[in-house]
Amino acid sequence: MPVLVVKDEPGPGTQVPPQLQRIPIPLLSPTSDCTGKTVKGRVVHKGPLVSMGEDSYVLKTVIQEVDSQQNMSPEHSSINIILFGALAKDYSESVSQGDMLLVTGFSVGNSPTAQKDKLHACNLQLAGNDAWMYVWPSTVSPRASVPRKRTSPASTEVTKAVKVVKYTYVPLSDLKPGVVVNVYAVVTFFKQPFRTKGTDYCSTLKITDQSNKKVGCTIFCDKLEEHPKIFKMGDIIRLHRVKTQLFNGAISLLTSHGFSVVTFDGMVGSPVIPRTSSESFKFGEEDCQVVEALRTWAANQSLVPAQPCVPLSAVQPTTYFDLTCQLLAKAPVDSSCTLLKVWDGSKCPHPLLDVFVEPNTLEGSPTLSKDMANLTANVLVYDNHVEVARQFKPGSYLRIYNLHAVPGASRLPSNDSVQSDQTGHLGFHLHGGTSYGRGLRVLPEDSPDILDLKKILETFSESDINDSSMFEVWSTPPESFGTAPDEIATERTCDHTVEQVSLAEVKSRSPPQVFHVQVQLKSYQPQRLYQSLKLFCHKCKTIEPPSESPSRTLTLLMSSQLMGKGKAKELIFLMGATLEETCRIASAYSNIVPVTSPQGTMTPLDLSAPFLFRGTKRYYGCKQCSQLKVGESLGEGVDVWDEKSVAEALGVQLLQYGLLMKLELQDGTGFLEALLWRDAESFFHVSAEDAAADQEAQDRVQETMDRLCPPGSSTAERPWMDLCLSAYTVEENGQRRACYQICHTGTRGTNPHTHPHASPRDT
């Protein structure tokens, strides 16, 4: 079942056994006699290699008739080829798009995708020992040589080195109508993809290059993810196999068969990282140089606005602007309108509209933890944008294009009861249609466009925890207390210049504020400190306790067996082991990934269990934000495996360990409940990750709490604490109330006379 790679110029008559007879693709039918016959064409599409189990593969490719391709439509001249088994794997390693291909030993069947892909009504199927393929690389050595059989990884590398495809890029000023070309350009205008009257999505661009020629481009793809990933004007775009046409007296570009696109951030100095949904694409040093040259040229031409996005703090009424923001919550208003609650960390100088929706329809956090005035913007999305907006998840970073700042409440749907109180307040509308590039999209987590936004939003992280249900679960009645001793067990580490106040004064002031207090610890929850260990998702802000992994029937698989030779050798996949067995194996190996195998496909376990064991440490993933995967690309480009690289390879959103406690404080003027969360690790001088796996770290936490609130002690025996408190509000059942969190505070050290689990009376 070999794939034979030929290194001379295409001329299959001299390389193929003379007794074989070629059939033109247009003449193929299900009744064709395939014995001793061949089919020849150029590879115009190469699909991914799909694993169906151990040593079982499938791959689909498309070839096009070469000799008469100028005179025939794709329905007659292009045909799908389905490859099975080792032949599919060999083809995946040996053949590239653009190569010349000749096949023999095939069978002909009806193509089930003919109506959709508009190709030949039949397909060719190749499997077994009688199937052969001859390949002439698109770039070959001028010296003739005999065919070589592809049997080893070493020969794979040799062949790949031989047939590097060289693309030629045409300046926009040199475009002629009626030809297929490749171009590099700068995007000067774009519209987000929209659904056509058929099954495709369409997007339109305007591009230019150093020739100063401006060209329009129309892109049709049946999947949204196949469209260019353009985030702002000034991005760089590479288009392969686009067709030129004359429209209204001007040259324009249109997608053709085999079209592919890659985009890059257009900012000078940013990393040159390709953005594409293609299964495979070529990108080398020459491409990097072209991108950098276009960036520098565009920066000197004033092609794009100096400030592509406007923060909420700079928005003026009646204007249209682009907004980069984070989605806090969303809710449907009616069939043609969706509400998005967003923020960008800046304060709008104008009062903002408050749009009412039924609480049970709201997905996500309705307000910011600190609830700062005019920080949350209500964006109403209309008509064709509703379908896109309803797919967004709270916590995502968005860019909204051509957003309209509308003064007054007269246009608000379902808001009649509050309109009279909001006259003159500013609302934000994303109107229907695509004029002026109107639309919205999700920005990837690693996008350079959101780095500054993330830094701004991190300043509000002290109020990440706003779940008022914690206070309900942990509420206890107040008690009396006595005189405080002189010992100060904690110290503030902040730079705030505020006076120390009493708890009574803290409770009398409205959040958001920061306070310095001197208090004692009256009680704390949970009493079983292992219950304070939590898992936190920075993306969707969910909190959950760690859990275990029950299962049985032990199977151990090395990743190098599963993922291909030379990849991910430091990973071990474990199937069916109990928690005790997994821990024993993890003590001897660096990275253990528990997996299951439903329907013969290996996948990580449900994320209610750890997805990774590293020695005594266990790592969990977010069920809501993770997109589990195990594929052949696992391990590519990874030099050292750690929890972050494993999570990224498996499509897991890594959860961070944290310590969450509720402390009841007292000072003689009153009582106050406060959370210890964001700064819990610096408070205890212990890593939450270490506390999850190390008994010594757990003992230090227990020792600290025993010092602050000794078991069986009276109030007079408890030390005083200097604390920094952050006050904020949460909303519960339509009511807002103040909450508090301990921040910028650490304990002064351990008591040298006290055993970690002993009462002072025992020493």
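Residues numbered from 1 in each chain as written. Predicted model: local features only at pLDDT ≥ 70, side-chain atom pairs only at ≥ 80, totals over all residues. Heavy atoms only, no water.

(A) Quick look at the packing of aromatic side chains. In this structure the tally under the stated criterion is seven aromatic pairs. Aromatic side chains Phe683 and Phe684 sit 5.1 Å apart centroid to centroid with 80 degrees between the ring planes, which places their arrangement in the edge-to-face category. Using a relative accessible area of 1% as the deciding quantity, one classes Phe683 as buried. In this structure Phe684 comes out as buried when scored by relative accessible area, which is 3%. Positioned above the aromatic ring of Phe189, the side-chain terminus of Lys206 is 5.8 Å from the ring centre. (Phe/Tyr/Trp six-rings, centres within 6.5 Å; stacked < 30°, edge-to-face > 60°. Buried < 20%, exposed > 50% of the residue type's maximum accessible area, 1.4 Å probe, protein only. Lys NZ or Arg CZ within 6 Å of the ring centre and 35° of its normal.)

(B) Summary view of helix H2 (residues 86–94). All of the buried residues in H2 are Leu87, Ala88, Asp90, Tyr91 and Ser94. Each buried residue of H2 sits inside an arc of 165 degrees when the element is viewed along its axis, so together they form one side. (Helix = DSSP H or I, 4+ residues; strand = E, 2+ residues; numbered from the N terminus. Arc of directions from axis to C-beta.)

(C) Local environment of the sheet that holds strand S35 (residues 656–659). In spatial order, the strands read S28-S27-S35; together these three strands make up an open sheet with antiparallel pairing. Edge positions in the sheet fall to strand S28 (543–544) and S35, since each of these pairs with one other strand and no more. One ladder, built from two bridges, connects strand S27 (residues 533–536) with S28; its direction is antiparallel. Bridging across to S28, Leu535 finds its partner in Glu544. (Pairing = 2+ DSSP bridges.)

(D) Inspection of empty space enclosed by the protein at higher detail. The tally for this structure, following the rule as stated, stands at two cavities of 30 Å³ or more. In this structure, the largest cavity encloses a volume near 50 Å³. Contributing to the lining of the largest cavity are Phe190, Lys191, Gln192, Pro193, Ser203, Leu205, His227, Pro228, Ile230 and Arg441. For the lining of the largest cavity, a count of residues per class yields five nonpolar, three polar and two charged. (1 Å grid on protein atoms, 1.4 Å probe; cavity = no way out; pocket = protein on both sides within 12 Å on 5 of 7 lines; lining within 4 Å. Points joined across faces, edges and corners; volume = space filled by probe spheres on them. Nonpolar A, V, L, I, M, F, W, Y, C, P; charged D, E, K, R; others polar.)

(E) View of the side chain of Gln326. You can see Gln326 is positioned in strand S18 (residues 320–334). A polar contact is formed between the side chain of Gln326 and the backbone oxygen of Gly395, at a distance of 3.2 Å. Contacts of Gln326, omitting those with residues within four sequence positions, involve Lys341, Val342, Trp343, Gly395, Ser396, Tyr397, Leu453 and Leu457. (Polar contact = N/O pair within 3.5 Å; in protein donor to acceptor, adjacent residues only side chain to side chain. Contact = heavy atoms within 4.5 Å.)

(F) Highlighting the pattern of salt bridges. Counted by the stated rule, this structure contains 14 salt bridges. Via salt bridges that share partners, Lys232, Asp235, Asp265 and Arg275 belong to a single interconnected network. (Salt bridge = Lys/Arg side-chain N within 4 Å of Asp/Glu carboxyl O.)

(G) Examining the confidence of the model for the protein more closely. The pLDDT averaged across the protein works out to 76; a share of 76% of its residues lies at or above 70. Summarising per-element confidence for the protein, the mean pLDDT is lowest in helix H9 (residues 469–473) (36) and highest in strand S12 (residues 180–190) (93). Confidence drops under a pLDDT of 50 for residues 461–485, and excluding neighbours within four residues, the segment shows 75 contacts in the predicted structure. Here residues 751–763 is a poorly scored stretch, pLDDT under 50, and it has 17 contacts once near neighbours within four places are set aside; other chains count. (pLDDT = per-residue confidence, 0-100.)

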